[in-house]
Every structure is written in structure tokens, then in C-alpha cells.
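# Residue-level structure breakdown
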Amino acid sequence: MRPARMIGPFGSGTAGSVLVGPEASGSPPAGSARAATDPIVLVAHGSRDPRAAAATRSLVRSVAAARPGVDVRAAYLDHAGARPGAVLADLQAAGYDRATVVPLLLTEAFHGRVDVPQVVRAARLDGLRMPVTLTGVLGPAVGAGTVDPLLVAGLRRRLAEAGSGWDAVVLAAAGTRSEPARRTVAAAAAALGAALAVPCAAGYASASPPSTGTVVRTLRSAGARRVALAAYFLAPGLLFDTAVGSARGAGVRHVAAPLAGAAEVARLVLCRIDQAALPVPAC
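The structure reproduced in this document is the subject of the present report. The structure presented is a predicted model; accordingly, all values stated were derived computationally and were not measured.

### Section: the overall build of the chain
Counting its secondary structure elements, the chain contains 9 helices and 10 strands. Here the chain holds 283 residues, and the buried ones make up 52% of them. A fraction of 76% describes how many contacts in the chain between residues 6 or more apart in sequence connect residues 24 or more apart. Here the chain has roughly 12100 Å² of accessible surface; of this, 55% comes from carbon and sulfur atoms.

Structure (C-alpha cells):
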């Protein structure tokens, strides 16, 4: 199980169930019943590319449709859009006494490990009083050794939409200097390859080798004739375009779309929320 982090007025901790800040009235039991009614803030990295914000808004609508009556909002770490602290302050002003924050990230790299918890702590310093539960990222946790089947299913859906007949896949990711985070991308590539029964390896748009084009050429040198690109991206943007361009330059013709609109991703968001609320979640 990936633990939730509780960021309350006295710092943060890690627990297998939701913790309640001392300012809350009473001590409601941890569990999915309470979590299912708390407002949800989906925190994306943000991009200058308007397609990225549109993809995030689409995911907000999908999550809201799956949890009728729950207030679901988007926030962004950078570029256009409301910041997480402002969204949490608005929720508190609206009368909510707690909230759940879900990082729309596929790796536990710097943004997941540092940026998202930091902006929630900054909101606390700015006067936020309600407890905030921070879930895990959508991708595999560092050291977990498993890849969520919902994530693999979303990748497979997008590949199927892109075409058929390929015999190898490059999993295109944004890139990170964090070696543990890169290992989780490699784990996702291995899980996708096992599910498809074809070779699959990770390639990156920035920050670390190999590029997607290099991976395509490596797969071809190993005998692959038609290589497809799977997008380990939630939304389109500059880095996604860079990864696609590199792969196309090496001969890729089948390019899968980013994941945000896939039904499995909304289910994965809800799974992370439920995992943060239950001692032994099953998703």
C-alpha cells in the first residue's frame, strides 16, 4: 500500500489511514466513506501549452462524474491556472473542513517529493487551517516493485487507439535526473511490455538519456520492424512533442495520445484517494 501524507497545522506525517488535525471537531474514523465526500484538488505541473490545461480540466470532469456531489478542482504548480494554496483557501472559505490533494504526476521525482508537499505547507503558513491529505502520485511509488493495473490498462487503451501491427513499444516519458524515479518508469515499461507480449523500453524527452529516438533505433537493431510510441504523459505539451518528434525521426508511425482522457486514469485518481483512506485498500 502507498501511504498518505497528512499535512496539518503541526507539520506532516505518514500513515496508512487518514489522520485528523486537532482543530477538527471530533475524530471521525478513517475510511472511504469520509474520503468519498471530501473535496478533491488535482494538482498538475502546469504548462504554457493550452492543450495541457484542457486535458487537466477534462480529467477534473471525469473524476467529478465518478464521484457525484464531490467538489473537484484543478490547481497548477506553474504557468497558467490557480495555485494549490489558493484553491485550498477557497475551499476552506466555502466551509469545507478538510480536503484531499492528488498530484497529477507519474513519478515521485522532485515535483512529487518536494514541490507538492511544499505548496501545501506554504498554504498552512498563509492561514490554511483544515487538514489536507496528500495522496501518492499516479505512477508507481519508488521501491514499490509493482505497477498499478489501471495505469497499464490506460497505456494499452491509448496504444490500441493509435493503431495496430507494431511489434515493439517505446514508453515516452518527460525525463528526470532522479534515478529512483527513472526506475519506476522502467518498471512501467516492463509491465506494459509484459501485458502486450512485446519488447518495451523507456525513452525520455529531457534531463536523462536515452531519447525516444535512440530507443526506437535500439529496438529496431534488435529485430523490431514496426515500433509504436506509448505516452507516459498525462497531457500534451512541449516535452510530449519533443518525445514524439524524436521517435518519429527514428521512424515511428504509431503514436499514442497522452493519458488524461483515458477512463482508467479517473479510476486511478479515485483509487489513490481510497488508498489514502483505507488501511488495506483494494484497487
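### Examining the pairing of strand 8 (residues 200–204)
A large share of strand 8 lies buried, amounting to 4 of its 5 residues. Pairing of strand 7 (residues 168–173) with strand 8, which is carried by 5 bridges, proceeds in the parallel orientation. Within strand 8, the position partnered with Ala172 by the bridge is Gly203. Taken together, strand 7, helix 6 (residues 179–196) and strand 8 constitute a β-α-β crossover, and its handedness is right-handed.

### So, the packing of aromatic side chains
Tallied over the entire structure, the rule returns 1 aromatic pair. Summarising the aromatic geometry, the rings of Phe233 and Phe240 are spaced 5.6 Å apart at their centres and angled 70° between planes, so their arrangement reads as edge-to-face. Both residues of the pair, Phe233 and Phe240, count as buried.

### What about the pattern of salt bridges?
Summed over the entire model, instances satisfying the criterion amount to 9 salt bridges. Between Asp38 and Arg98 there is a salt bridge; the shortest N-O distance is 3.2 Å. Taken as a pair, Asp38 in the loop between helix 1 (32–35) and strand 3 (40–44) and Arg98 in the loop between helix 3 (84–93) and strand 5 (99–103) lie far apart in primary sequence, 60 residues in all. A single burial state applies to Asp38 and to Arg98, both of which are buried. Among the ionic pairs, Arg158 bridges to Glu161, the shortest N-O distance being 2.7 Å. Of this pair, Arg158 and Glu161 both sit in helix 5 (residues 149–162), 3 residues apart, which is roughly one turn of that helix. Residue classification places Arg158 among the buried positions, given a relative accessible area of 11%. Each of Asp49, Arg51 and Asp241 takes part in one network of salt bridges that share partners.

### Side note on the packing of helix 7 (residues 212–221) against helix 8 (residues 238–249)
Interhelical geometry of helix 7 versus helix 8 gives an angle of 30° and a closest axis separation of 7 Å. In this structure, helix 7 crosses over helix 8, and the sense of that crossing is right-handed. On helix 8, the residues that touch Thr212, Gly213 and Val216 of helix 7 are Ala243, Ser246 and Ala247. Of the residues contributing to the contact of helix 7 with helix 8, the split by class is 3 nonpolar, 3 polar and no charged.

Parameters at a glance
- Residues numbered from 1 in each chain as written.
- Predicted model: local features only at pLDDT ≥ 70, side-chain atom pairs only at ≥ 80, totals over all residues.
- Heavy atoms only, no water.
- Helix = DSSP H or I, 4+ residues; strand = E, 2+ residues; numbered from the N terminus.
- Buried < 20%, exposed > 50% of the residue type's maximum accessible area, 1.4 Å probe, protein only.
- Contact = heavy atoms within 4.5 Å.
- Areas by Shrake-Rupley, 256 points an atom, 1.4 Å probe, with all protein chains shown as cover.
- Pairing = 2+ DSSP bridges.
- Right-handed = clockwise from strand over helix to strand, strands pointing away.
- Phe/Tyr/Trp six-rings, centres within 6.5 Å; stacked < 30°, edge-to-face > 60°.
- Salt bridge = Lys/Arg side-chain N within 4 Å of Asp/Glu carboxyl O.
- Axes fitted to C-alpha atoms, helices over the stretch in contact; angles between N-to-C directions.
- Left-handed = near helix turned anticlockwise from the far one by under 90°.
- Nonpolar A, V, L, I, M, F, W, Y, C, P; charged D, E, K, R; others polar.

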